[in-house]
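Analysis of the macromolecular model
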Amino acid sequence: MRYHKPESFEDASAIAVAAKGVTRFLAGGTDVLVQLRSDLVTPDDLIDIKQIPGVREITPLRDGGWRIGAAVSAAEMKAHDGLRAAWPGVVEAADLIGSMQISSRCTLVGNLCNGSPAADSVPAMIAAGATVTVIGPGGSREIAVEDVPAGPGKTSLKKGEVVSAVTLPPRGAGGGDAYLRFIPRTEMDIAVVGCGVSLTREGERITAARVALGAVAPTCLLVPAAGAALTGSALDDAALEALAKAAEAACSPIDDKRGTVAFRTRVAGVLARRAAKIAYDRAGG
Amino acid sequence: MIHVNTTVNGDPAEFLCEPRETLLDALRDRLDLTGAKEGCGTGDCGACTVTLDGRPVCSCLVLAAEADGREVGTVEGIARGEALHPLQRKFIEHAALQCGICTPGILVAAKALLEKTPDPSETEVRYWLAGNLCRCTGYDKIIRAVMDAAAEMRENA
């Protein structure tokens with residue numbers, strides 16, 4: 001295994017393009033190093049991106065959005081008052097990943113690129129309307145978070161492409177988000193179902209909403225019908241019922257020891273209702 | 001081999017390591033700091049907890065090469081000479097250990113908590129230490145020792 005420490009994402013991409021064997025990018029290492037040590041994936045080239053300038057920074061953007069470097073840890077996000085105030089759902093979702101030792105290292109980009117359908121931060125980012133900057137041999141492009149996952153352990157990224165940062169849009173007035181997951185214990189577990197909701201209110205009425213689900217399909221999903229069920233409503237019972245139905249209808253989960261198809265589907269609706277209420281209250285606060 | 005220059009418990013340290021060698025293995029086998037223990041080796045048990053630039057991490061999930069230019073803190077750096085840290089004294093007083101494999105990791109993790117949260121609730125301590133598994137004592141004595149150490153440290157602050 002060759003260990004690389006490039007000084008730019010262009011150099012990181014060039015190393016990956018030239019690599020003949022298995023390549024992995026290293027940020028927090030909480031998936032890559034587990035796979036390495038379990039002999040599941042032994043990279044021929046391991047490209048550590050942490051020396052690249054700006055990669056550990058959380059930057060408020062001029063339009064009110066936020067740029068989160070690819071190596072910013074969940075713990076660093078939680079410690080950032082401005083980011084937590086703007087996007088509490090995204091920060092809480094990242095904070096749910098693993099123990100606090102894992103939080104010290106794990107990153108949004110790693111959680112996304114690991115490709116787990118049960119990744120906690122991914123539904124929260126999708127609901128938020130987050131994008132990622134992808135740098136590759138063809139230059140740089142900005143794509144929606146929901147366009148990255150392509151199946152369990154798979155992404156749509158091409159050989160030589162690397163994600164440099166996540167961008168969260170401006171939260172703006174009357175906005176709120178939330179992420180909830182179901183696990184059979186209180187801590188240190190993988191989502192059986194996860195749900196992120198982000199919405200905007202004008203007075204009592206919801207003017208825009210995005211809902212995303214995790215662990216109920218081969219990838220984390222944006223559920224446009226669930227967002228549409230909320231839009232225009234004042235989060236009344238009928239809207240919540242329509243939301244739950246839309247969330248359930250989007251589910252095509254696996255059946256395993258951690259949750260049956262029926263259970264996961266039912267819980268998706270329940271979590272969507274609860275997350276929507278939290279997001280709604282935050283948007284009004 | 002990769003040449004690593006780092007700081008361990010405040011002192012400069014350097015070593016050569018293999019690319020896939022973990023920080024845990026380098027600490028134990030190259031720097032003779034055997035306080036951090038290998039339990040699971042995959043980031044689940046917390047026995048190998050050390051601090052990296054002040055934040056607790058599982059050293060089994062950090063490459064030794066990643067420690068270059070950074071600050072590592074291990075359980076060996078907790079006592080001041082012969083004087084035990086309040087956490088260490090309280091662990092003995094409350095018999096908060098049996099086999100002791102999990103203890104170094106718990107001490108490093110608990111110390112990091114008390115530095116930023118001097119007056120934690122029991123619930124905060126339990127969540128903070130959720131990534132540190134103990135297979136013999138059970139957690140009650142551990143939690144009591146941490147709470148008692150926190151109280152003593154607040155009195156003496």
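What you see is a predicted model, and the numbers here were worked out from it, not measured in a lab.

**Here we look at the overall build of chain B**
When its secondary structure is counted, chain B shows five helices and five strands. Ordering the α and β elements of chain B from the N terminus gives β-β-α-β-β-β-α-α-α-α. Computed over its C-alpha atoms, the radius of gyration of chain B comes to 15 Å, within 12% of the 15 Å expected for a compact globule of 157 residues. Across its three principal directions, the C-alpha atoms of chain B cover 45 × 30 × 25 Å. For chain B, the residues scored as buried account for 44% of the 157 residues in total. Restricting to contacts in chain B with at least 6 residues of sequence separation, those with at least 24 account for 60%.

**Topic: the sheet that holds strand E11 (residues 175-182) of chain A**
Residues and elements named next belong to chain A. Reading across the sheet, the four strands line up as E11-E12-E13-E14 and stay open at both edges, with antiparallel pairing between neighbours. With one partner strand each, in any of the chains shown, E11 and strand E14 (221-222) form the two edges of the open sheet. Pairing of E11 with strand E12 (residues 193-202), which is carried by eight bridges, proceeds in the antiparallel orientation. For Phe-182, the partnering residue across the bridge sits in E12 and is Val-193. Together, E11, E12 and strand E13 (205-214) form the strand contacts of helix H11 (residues 261-284), whose direction differs from that of E12 by roughly 35°.

**Looking at the interface of chain B and chain A**
Each side of the interface is counted separately: chain B has 20 residues, and chain A has 22 residues. At the level of elements, strand E4 (55-58) and helix H4 (122-128) of chain B are the ones that each hand at least two residues to the side of chain B that touches chain A. Top element by residues in the side of chain B that touches chain A is E4 of chain B. It accounts for four residues.

**Some points on the nonpolar core**
Residue and element names in this part refer to chain A. Residues Val-197, Leu-243, Ala-247 and Ala-272 are the most contacted members of the largest nonpolar core, which totals 147 residues. With nine residues, the single largest contributor to this core is H11. If we skip the residues at most four places from it in the chain, Ala-247 touches Val-211, Leu-213, Val-223, Ala-226, Ala-268, Gly-269 and Ala-272.

**Concerning helix H2 (residues 86-93) of chain B**
Residues and elements named next belong to chain B. Of all the positions in H2, only Pro-86, Leu-87, Lys-90 and Phe-91 are classed as buried. Looking straight down H2, one finds its buried side chains confined to an arc of 135°; they lie on one side. Elements in contact with the buried residues of H2: helix H3 (103-116) and helix H5 (139-155). Directly after H2, the chain includes Ala-95, whose backbone phi takes a positive value near 50°.

**A few points about the packing of helix H10 (residues 237-249) of chain A against H11 of chain A**
All names here are of chain A. Direction vectors running N to C along H10 and H11 enclose 140°, while the axes themselves pass 8 Å from each other. When the axis of H10 is compared with that of H11, the two are oblique. When you trace H10 past H11, the crossing you get is right-handed. Here Leu-240, Leu-243, Ala-244, Lys-245, Ala-247 and Glu-248 of H10 come into contact with H11, specifically with Thr-265, Ala-268, Gly-269, Ala-272, Arg-273 and Ala-276. Split into classes, the residues belonging to the contact of H10 with H11 amount to seven nonpolar, two polar and three charged.

**Remarks on the sheet that holds strand E2 (residues 23-26) of chain A**
In a beta sheet, neighbouring strands pair by backbone hydrogen bonds and run either parallel or antiparallel. Residues and elements named next belong to chain A. Spatially, three strands are ordered E1-E3-E2 in an open sheet, and the strand pairing comes out parallel. Two strands in the sheet have a free side with no partner beyond their single neighbour: strand E1 (2-4) and E2. The average undirected angle you get between the axes of adjacent strands in this sheet is 20°.

**Some words on the confidence of the model for chain B**
Across chain B, pLDDT averages 97, with 100% of residues at or above 70. At the level of chain-chain contacts, confidence expressed as ipTM amounts to 0.96, with global pTM at 0.97.

**Observations regarding the pairing of strand E10 (residues 162-168) of chain A**
Residues and elements named next belong to chain A. Where burial is concerned, most of E10 is hidden: six out of the seven residues are buried. Where strand E5 (residues 66-69) and E10 come together, four bridges link them in antiparallel fashion. Considered in E10, the bridge of Trp-66 is made with Leu-168. Bridge count for strand E6 (residues 131-136) against E10 is five bridges, and the pairing is antiparallel. Bridge pairing in E10 places Val-132 opposite Val-166.

**A closer look at H11 of chain A**
Residues and elements named next belong to chain A. Compared with the 34 Å implied by 1.5 Å per residue over 24 residues, the 35 Å span of H11 between its first and last C-alpha is a close match. Buried within H11 are the following residues: Arg-264, Val-267, Ala-268, Gly-269, Leu-271, Ala-272, Ala-275, Ala-276, Ala-279, Tyr-280 and Ala-283. Of the surrounding elements, those touching the buried residues of H11 are helix H5 (88-95), E11, E12, E13, helix H9 (224-230) and H10.

Rules and cut-offs
Residues numbered from 1 in each chain as written. Chains lettered and ligands numbered in written order. Predicted model: local features only at pLDDT ≥ 70, side-chain atom pairs only at ≥ 80, totals over all residues. Helix = DSSP H or I, 4+ residues; strand = E, 2+ residues; numbered from the N terminus. Rg over C-alpha atoms; globule rule 2.2 N^0.38 Å. Buried ≥ 20, exposed ≤ 12 C-beta atoms within 10 Å, placed from the backbone. Contact = placed C-beta atoms within 7 Å. Pairing = 2+ DSSP bridges. Axes fitted to C-alpha atoms, helices over the stretch in contact; angles between N-to-C directions. Core = buried A, V, L, I, M, F, W, Y, C linked by C-beta atoms within 7 Å. Arc of directions from axis to C-beta. Parallel < 35°, antiparallel > 145°, perpendicular 65-115°, else oblique. Left-handed = near helix turned anticlockwise from the far one by under 90°. Nonpolar A, V, L, I, M, F, W, Y, C, P; charged D, E, K, R; others polar. pLDDT = per-residue confidence, 0-100. Expected span 1.5 Å × (residues − 1).

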